[in-house]
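Breakdown of the fold
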Amino acid sequence: MPHAIETKQLTKTYGSLKAVDSLDIAVEPGEIFGLLGPNGAGKTTFVSMLCTILKPTSGSATVNGFDIVREANKVRKSIGIVFQDPSIDDRLTGRENLFMHANLFGVPASEQKERINRILKLVELEDRADDLLRTYSGGMRRRLELGRGLIHYPKVLFLDEPTVGLDPQTRDHIWKYIKELKQTHDITVVLTTHYMDEADRLSDRIAIIDHGKMVILDTPQKLKDTLEGDVVAVRANNVNALAELVTKWLGFPKTKIVDGALEITVRNGKVVMPRIMELAAQNNIYVESIVLREPNLEDVFLHYTGRNIREDTGKELHGASAARRRAIK
Amino acid sequence: MSEARGFYTLWLREIKRFYRDRTRLVTSFIQPLLWLVIFAAAFATRFALPANLTYRQVILPGIIGQTLLFTAMFMGINVIWDKEFGFMKEILVSPVSRFTIFMGKMVGDSTDALLQGIIVFVIGLALGIPISPITFFYALPIMLLITFGLVSIGLVIASFMGNLEGFGAIQTFVNLPLFFLSGALFPLKGGSLPSWLVDIAAWNPLTYGVDALRNVTLGAAWTPLQIQPLWIDIGVVALFDGIMIVVGTWAFTRMK
């Protein structure tokens, strides 16, 4: 079976900034493919090229077998996009927005009404369909956009940061829809996110992107498995000293300090915990708390990029590159 | 076929948005009323007109032209809103061609502006300005023709603009010069206007639009003062429309 998306050395540069740097990615039909990375990692630029909004500087890509440059119109007809920022007309009703989309994407007039009713049911907006969008909540708008992206039966659906700025309940709701969509519509979903839990819960496979490059690609479970084991998080009055001691005496090199807590990645946390306590006591370090947990994608990201995903949040969103990025949107 | 449907849906959107913005419709009555009642009364004696013409007759087509101009330019703001609130992206990533996108928006906005023009025409008749109501039907296609080019100017400018702040400058640098230099408020011919003013006005497409409107509404009474015969007026306006549609399509093609 051909790939739903295939990119070859896909690159986009802005002056000296390589927003996307020689990406080779193949997305299988029917999977939810997660692109995970901090803000400014190049996720949106990458997706914009696949959606034919931006032209690549070099390299090539196909979406549903169509070349993104030479067959841009065919690509457009075969994909659905939910943008990072809202892109609906809030002076029209929900239903009117859907009708507009159906017309723009060439859905046969005879099928429009039925498809739209089905979509409204799917995203549970039937009772609000004829209200102006300005009266919708953020979550409802998002759901409408999700539904809108499906009206023309796309084979690939792009979701660019679908739950940014939404409250936890609504995020949960949206996630549920995305999973349902995949089952009921038999489509490929490309999801970009900088939320670890989102990527973890939704994706069949995850590509970690940093500085425009792919760092690693695997299933969420395997990514977590590569970390081999548990994370022991210790809070103490002198975590730096404790970190040194742990590295020196217990031989655990994978230590890091996150939000004032020492985190040690080990194969068997239960056995290690008493020894850490002992070591702390011998060196007059007072341990406030010690917790054992499973590694999450946050740890995976740190492991592969050497930094915490949140450290970078917003960092590159100043000055000229920010202006360019806004222009891309 | 899908291009036609795309055009229709974009056109319909402009109409719906306009119709729902009631405040704009209400205020659109006020301005022409002020011009036709107060300004016309104050300046009626300033211009030497043939005995068979009153100043109010002359100024009515001018105020229609002004209304078309201001409304048309104001429509550009929609493009900036669409860009700012993201809706433009939804349109731009659709498989519909940029020419169709431009035409859908342009004809939609022109329809809205035309409605405003019609309102002014009706106000003029209601004020008892002696103009044959039948000429309304001749004026209608001319009004639409004028609007196409003017709306296009607004759309082109807006497509280059990033935010709403700059749009106010258009009022100063486009609207008012085009308005004052079109002869909307005074006949360009037959008076003692400085020749530089008349010369500049000859390069203003709105001059021919207003002249065309006067040619059809005032008939033979306007002939001594006309800039050009009707068919040349229409030709100039149509040519300008054609150029602006090409420019507009180009502007929309380069829009991201």
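Before going into details, it helps to say that this report is about the structure given with it.

The rules behind the values
Residues numbered from 1 in each chain as written. Chains lettered and ligands numbered in written order. Predicted model: local features only at pLDDT ≥ 70, side-chain atom pairs only at ≥ 80, totals over all residues. Heavy atoms only, no water. Helix = DSSP H or I, 4+ residues; strand = E, 2+ residues; numbered from the N terminus. Buried < 20%, exposed > 50% of the residue type's maximum accessible area, 1.4 Å probe, protein only. Contact = heavy atoms within 4.5 Å. Areas by Shrake-Rupley, 256 points an atom, 1.4 Å probe, with all protein chains shown as cover. Lys, Arg positive; Asp, Glu negative; His and termini not counted. Charge placed at Lys NZ, Arg CZ, Asp CG, Glu CD. Buried area = accessible area lost by both parts, 1.4 Å probe. Salt bridge = Lys/Arg side-chain N within 4 Å of Asp/Glu carboxyl O. Polar contact = N/O pair within 3.5 Å; in protein donor to acceptor, adjacent residues only side chain to side chain. Nonpolar A, V, L, I, M, F, W, Y, C, P; charged D, E, K, R; others polar. Pairing = 2+ DSSP bridges. Axes fitted to C-alpha atoms, helices over the stretch in contact; angles between N-to-C directions. Phe/Tyr/Trp six-rings, centres within 6.5 Å; stacked < 30°, edge-to-face > 60°. Lys NZ or Arg CZ within 6 Å of the ring centre and 35° of its normal. 1 Å grid on protein atoms, 1.4 Å probe; cavity = no way out; pocket = protein on both sides within 12 Å on 5 of 7 lines; lining within 4 Å. Points joined across faces, edges and corners; volume = space filled by probe spheres on them.

1. So, the overall build of chain A
The number of helices and strands found in chain A is 12 helices and 15 strands. Overall, the C-alpha framework of chain A stretches about 80 × 45 × 45 Å when taken along its three principal axes. When the 329 residues of chain A are sorted by exposure, 55% land in the buried category. Within chain A, residue pairs in contact and separated by at least 24 positions form 69% of the contacts whose partners lie at least 6 positions apart. Of the roughly 14,700 Å² of accessible surface on chain A, 50% is carried by carbon and sulfur atoms. Between the averaged position of the 46 positive side-chain charges in chain A and that of its 45 negative side-chain charges there is a distance of 4 Å.

2. Structural notes on the interface of chain A and chain B
With 30 residues of chain A at the contact, the number on the chain B side is 22 residues. Of the roughly 2,400 Å² buried between chain A and chain B on both sides combined, carbon and sulfur atoms contribute 56%. Three residues, M100(A), N103(A) and L104(A), lead the burial of chain A against chain B; their summed loss comes to 26% of the area buried on that side. Summed over the shared surface of chain A and chain B, the number is 5 salt bridges. The salt bridge involving R148(A) is made with E90(B); its shortest N-O contact spans 3.3 Å. Where chain A touches chain B, the interface holds 12 residue pairs in polar contact (both at pLDDT 80 or more). Elements supplying a minimum of two residues to the side of chain A that touches chain B: α2 (72–78), α3 (94–104) and α4 (109–122) of chain A. Element by element, the count of residues in the side of chain A that touches chain B is highest for α3(A), at 7 residues. Classifying every residue of the side of chain A that touches chain B gives 14 nonpolar, 8 polar and 8 charged.

3. Overview of the sheet that holds strand β11 (residues 213–218) of chain A
All names here are of chain A. Strand order in this open sheet of 6 strands is β7-β8-β9-β4-β10-β11, and the pairing throughout is mixed. Each end of this open sheet is capped by a strand with a single partner; those strands are β7 (79–82) and β11. Here the average twist between neighbouring strands, direction ignored, is 15 degrees. With 5 bridges connecting them, strand β8 (residues 156–160) and strand β9 (residues 188–193) associate as parallel partners. Bridge pairing in β9 places V156 opposite T188.

4. Some points on unusual backbone geometry
Residues and elements named next belong to chain A. Its identity is not glycine, yet N64 carries a phi of approximately 55 degrees, on the positive side. Tracing the chain through its elements places N64 in the loop between β5 (58–63) and β6 (66–67). Judged by its relative accessible area of 19%, N64 falls in the buried class. One non-glycine residue, Y153, lies in positive phi territory at about 50 degrees. By secondary structure assignment, the location of Y153 is in the loop between α5 (138–148) and β8.

5. Brief notes about the pairing of strand β14 (residues 261–266) of chain A
All names here are of chain A. Most of β14 sits out of view: 6 of its 6 residues are buried. Of the two faces of β14, the one lined by A261, E263 and T265 and the one lined by L262, I264 and V266 are each fully buried. Bridging between strand β12 (residues 230–236) and β14 involves 5 bridges; their strand directions are antiparallel. Along β14, the bridge assignment pairs V231 with T265. Sheet topology places strand β13 (residues 255–258) next to β14; 4 bridges connect them, and they run antiparallel. Directly across from V258, in β14, lies its bridge partner A261. Between β13 and β14, which pair antiparallel one after the other, the connecting turn spans 2 residues, and D259 there sits at a positive phi close to 50 degrees.

6. Concerning the environment of L33(B)
Counting through the fold element by element, L33(B) comes out in helix α2 (residues 22–43). Not counting residues within four places of it along the chain, the set of residues in contact with L33(B) comprises I38(B), I123(B) and L127(B).

7. A word on the pattern of salt bridges
All chains considered together, the criterion is met by 25 salt bridges over all chains. Each of D89(A), R13(B), E14(B), R17(B), D82(B) and K105(B) takes part in salt bridges that share partners, so that together they form one network.

8. Quick word on the pairing of strand β10 (residues 205–210) of chain A
Residue and element names in this part refer to chain A. With respect to burial, β10 is a largely interior element, 6 of its 6 residues being buried. Side-chain alternation along β10 places R205, A207 and I209 on one buried face and I206, I208 and D210 on a second face that is also buried. Pairing of strand β4 (residues 32–36) with β10 involves 4 bridges; the strand directions are parallel. Each residue of the ladder has a partner; that of F33, found in β10, is R205. The hairpin formed by β10 and β11 contains 2 residues between the paired strands, and H211 there has a positive phi angle of roughly 50 degrees.

9. Quick look at the packing of aromatic side chains
All told, the structure shown has 11 aromatic pairs over all chains when counted by the stated rule. Considering the side-chain rings of F39(B) and F43(B), the 4.3 Å spacing of their centres and the 15 degrees angle between planes classify their relative orientation as stacked. Note that F39(B) and F43(B) are positioned in helix α2 at a spacing of 4 residues, about one turn of the helix. Accessibility expressed as a relative area gives 34% for F43(B), which makes it partly exposed. Above the ring of Y153(A), the side-chain terminus of R115(A) is found at 3.8 Å from the ring centroid.

10. Looking at the layout of surface pockets
To locate leftover empty space, one rolls a probe as large as a water molecule over the atoms. Residues and elements named next belong to chain B. Of the volumes computed, that of the largest pocket is approximately 950 Å³. Around the largest pocket, the lining comprises 35 residues; the ones closest to its centre are D82, K83, E84, F85 and G86. Residues of the lining of the largest pocket, tallied by class, amount to 12 nonpolar, 5 polar and 18 charged.

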